[in-house]
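Structural overview
Listed here are the chains, written in short residue letters.
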Amino acid sequence: MHPSLDAYAADDDTQRLIAAMLGDSPVVEDLQELTDTIGGRVTGSDANEQAVAWATDKLRQAGVAVSTETFMMPATWDERSVSARISGDVEFVLNSVAKPYSPSVSRLSARLLDGGFGSAADFERLGESAAGAWVLVETPLLDDDVGLGGLFGLYGDSRTFETNATAAGAAGIVSMSPYPKNLVYRQFASHGAQNELPLLVIEREDAQRALRLLRDGKSLTLSATIDADQQEKRSSTNVIAEIPGASRPDEIVLFGAHLDSHDLGTGALDNGVNVAMLINVARQITRLGLQPQRTIRIALWNGEEQGLVGSWKYTVQHKDELDNHVVAASFDIGSGRTTGFFTGGRPDLVRLVNSYLAPVAALGPFQQVDAPVVGTDNYDFMIQGVPNLVAFQADANYASNYHAESDTFDKVDQQQMRLNSAIAAAVLWGFANDTARLPRQSNAEIRALIDATDLETQMRNFAVWDAWADGTRGRHD
Ligand SMILES: [Zn+2]
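Residues numbered from 1 in each chain as written. Predicted model: local features only at pLDDT ≥ 70, side-chain atom pairs only at ≥ 80, totals over all residues.

Quick notes on the confidence of the model for the protein chain
Just so we agree on the cut-off: The pLDDT value expresses, per residue, how confident the predictor is, ranging between 0 and 100. By definition, residues are in contact whenever their C-beta atoms, placed on the basis of the backbone, come within 7 Å of each other.
The pLDDT averaged across the protein chain works out to 95; a share of 98% of its residues lies at or above 70. Across residues 1-7, where pLDDT falls below 50, the model places eight contacts with residues more than four positions away in sequence or in other chains.

Notes on the pairing of strand β5 (residues 134-137)
Put simply, the rule is: Put plainly, a residue is buried at 20 or more neighbouring C-beta atoms within 10 Å of its own, exposed at 12 or fewer, and partly exposed in between, counting only other residues' C-beta atoms, which are placed from the backbone. Per the convention used, a helix needs a DSSP run of H or I reaching at least four residues, while a strand needs a run of E reaching at least two, with both numbered from the N terminus. Paired strands are those between which DSSP finds at least two bridges. Looking down the strands as they point away from the viewer, one classifies a crossover as right-handed if the path from the first strand across the helix to the second runs clockwise.
Side chains of β5 alternate between two faces, with Trp134 and Leu136 and Val135 and Val137 buried alike. With three bridges joining them, strand β4 (residues 105-114) and β5 adopt parallel strand pairing. Looking at β5, one finds that Asp114 is bridged to Leu136. Pairing geometry for β5 and strand β6 (residues 172-176), over four bridges, is parallel. Directly across from Trp134, in β6, lies its bridge partner Gly172. For the segment spanning β5, helix α5 (residues 147-167) and β6, crossover handedness is right-handed.

Section: the packing of helix α2 (residues 27-38) against helix α7 (residues 268-288)
To be explicit about the condition: Orientation is described by axes fitted as lines to C-alpha atoms, over the contacting stretch for helices, and by angles from 0 to 180 degrees between their N-to-C directions. Any angle between 65 and 115 degrees counts as roughly perpendicular, while under 35 counts as roughly parallel, over 145 as roughly antiparallel, and the rest as oblique. Should the near helix be turned counterclockwise from the far one by less than a right angle, the crossing is left-handed, whereas a clockwise turn marks it as right-handed.
In the contact formed by α2 and α7, the axes pass within 9 Å of each other and the chain directions differ by 140°. Between α2 and α7, the crossing angle belongs to the class labelled oblique. Crossing angle aside, the handedness with which α2 passes α7 is right-handed. Contact residues: α2 offers Val27, Asp30, Leu31, Leu34 and Thr35, while α7 offers Ala268, Gly272, Val273, Val275, Ala276, Met277, Ile279 and Asn280.

Considerations on the environment of Ile252
Its place among the elements puts Ile252 in strand β9 (residues 248-258). The exposure class assigned to Ile252 is buried, which follows from the 23 C-beta atoms found within 10 Å. Considering only alpha carbons, one finds Ile252 and Asn238, 14 residues apart in sequence, at a separation of 17 Å. Not counting residues within four places of it along the chain, the set of residues in contact with Ile252 comprises Arg294, Thr295, Arg297, Glu321, Asn324, His325 and Val326.

Let's talk about helix α1 (residues 12-22)
Each turn of an α-helix holds 3.6 residues, which means side chains three or four residues apart point in the same direction. The condition that has to hold: Note that the arc is defined by the directions from the helix axis to the C-beta atoms.
Residues of α1 that are buried: Thr14, Leu17, Ile18, Ala20 and Met21. On an axial view of α1, the arc spanned by its buried residues comes to 160°, and they lie on one face. Among the exposed residues of α1, those oriented more than 90 degrees off its buried face are Asp12 and Ala19.

Focus: unusual backbone geometry
In this structure, Asn271 follows Asp270 across a cis peptide bond, with omega equal to 10°. Among the structural elements, Asn271 can be located in helix α7. Cis rather than trans, the peptide bond between Gly364 and Pro365 has omega equal to 10°. Its place among the elements puts Pro365 in the loop between α9 (347-357) and α10 (379-382). Phi at His403 takes a positive value of approximately 55°, unusual for a residue other than glycine. Turning to its location among the elements, His403 is positioned in the loop between β13 (388-393) and α11 (414-433).

Examining the domain arrangement of the protein chain
Accessible area lost upon the coming together of the parts serves often as the stated size of an interface. Threshold: Each domain's extent is set by a domain assignment, obtained either automatically or from a database. Residue polarity follows a fixed list, in which Ala, Val, Leu, Ile, Met, Phe, Trp, Tyr, Cys and Pro are nonpolar, Asp, Glu, Lys and Arg are charged, and the others, Gly among them, are polar.
Split into domains, the protein chain comes out as domain 1 (3-75 + 232-469) and domain 2 (77-231). Distance between the C-alpha centres of domain 1 and domain 2: 33 Å. Each partner contributes residues to the interface: domain 1 has 26 residues there, and domain 2 has 28 residues. Those elements that place two or more of their residues in the side of domain 1 that touches domain 2 are β1 (65-88), β8 (220-243) and α13 (455-461). Looking at the side of domain 1 that touches domain 2 residue by residue, the class counts come to 10 nonpolar, 10 polar and six charged.

Looking at the environment of Ala361
The residue Ala361 is located in the loop between α9 and α10 in this model. Taking the C-beta count within 10 Å as the criterion, Ala361 has 11 such neighbours and is therefore assigned exposed. Between the C-alpha atoms of Ala361 and Met417, which are 56 residues apart in sequence, the distance is 16 Å.

Brief notes about helix α3 (residues 46-61)
Quick reminder of the rule: The span one expects for a helix is its residue count, reduced by one, times 1.5 Å.
Taking 1.5 Å of rise per residue, 16 residues should cover 22 Å, and α3 covers 22 Å from first to last C-alpha, within 8% of that figure. Against α2, β1, β8, α7 and β10 (294-301) lie the buried residues of α3. Directly after α3, the chain includes Gly63, whose backbone phi takes a positive value near 80°.

Quick notes on the packing of α3 against α7
Interaxial distance between α3 and α7 falls to 9 Å at its minimum, and their mutual angle equals 25°. Comparing the axis directions of α3 and α7 gives the class roughly parallel. For the pair α3 and α7, the sense of crossing is right-handed. Contacts between α3 and α7 pair Ala55, Lys58 and Leu59 from the former with Val275, Ile279 and Ala282 from the latter. Considered class by class, the residues forming the contact of α3 with α7 number five nonpolar, no polar and one charged.

A word on the environment of Pro74
Secondary-structure assignment places Pro74 in strand β1. Sequence spacing of Pro74 and Ser330 is 256 residues, and the spatial spacing of their C-alpha atoms is 22 Å. With residues near it in sequence (within four places) discarded, Pro74 still touches Ala193 and Glu232.

Take a look at the structure:
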């Protein structure tokens, strides 16, 4: 079917590029500037605009052609302040944050109920008492041992309890942080910008204390104020670097990472590390004077944390070029060892990636996971039928610092970041110089992929199903 699949062989340029990725570079200094100096960079914030200017300058200084592409966010959300306290039989102040797209409320005071894990059975037990009450929901502990699986589970559980609480007419949900030691975190409301339910996250220890008291029969009232800046139709910016192809410039190989972050920490594992890595890949290709056969684009996305928006808008703005996108790859799982790639349910893509990884075999072993994955910027390419990848990385400390105050520069494994950058560069260079390519999938093929996998559940968990189902996102022709 694809006779040229086996024809790819690594050449001297590949070896030079890999050596450059492993050698001296300003990649660590770049990451430190982005995280320590600019800090957390929520889409729509001043810090986010500083990050756009910073990334543009870095690429320009490296001699890479770079442009900015403005797009409209359907909505943005930024927390100004949150306060919550328990009163009644016992009084104490809660360490709390709001989930993005929680509505603002002023001193919303209501009885606090033990909502168990927020399942249908839990809400059945609460019955009519849930109406008008704050419902406190438990979550399983998420640490380095639980890792990414626990994180995906949390998205599914959250959709369940937020949906059940809405149906029960609850005043709001208070969910227990999955992290120990007073750490709170942010997680996008399960229904995205459509969410109307006040949603708090409180530290695990406070939640456990409140649950013990409730289970001892104490009566507790929760009073909370959430002040958030939610705006509609605000513009944001993707940063797109381009290295033109020598012989097939209209064929595009796109590698991306999101520039935006949440603001509790400084967005180091999620996702400054991969932004710095890709800037350095573009820098080294340019510094070495390497010329790819296909055009390379490095995309630094915005609006990822608020609904995977920047990459979605790119697929709209570049609609006429999508047939010529050979691959779109996304890097978004911190600094754990790259163990392979999610290849989206396309066995031919596994074969290509395997061959491009051969020059960095010493950094393996590698194992591709041929399943579609939702949750980062490959998503809109997937539902547009473009071959897409997500770097699959060892959990390391990604899940245990996810969207939390602890996601800071010191958490990044600098040596592994360099090794990962060599792996990314080898795969990028493989795609950029091979002649093999996979066809873009039709709407029928995309629907078949959804039917054959758990894609629909993943899409619902990340609040992107409706926009696919109503034709707003994805390929429908
Ligand atoms: Zn991310």
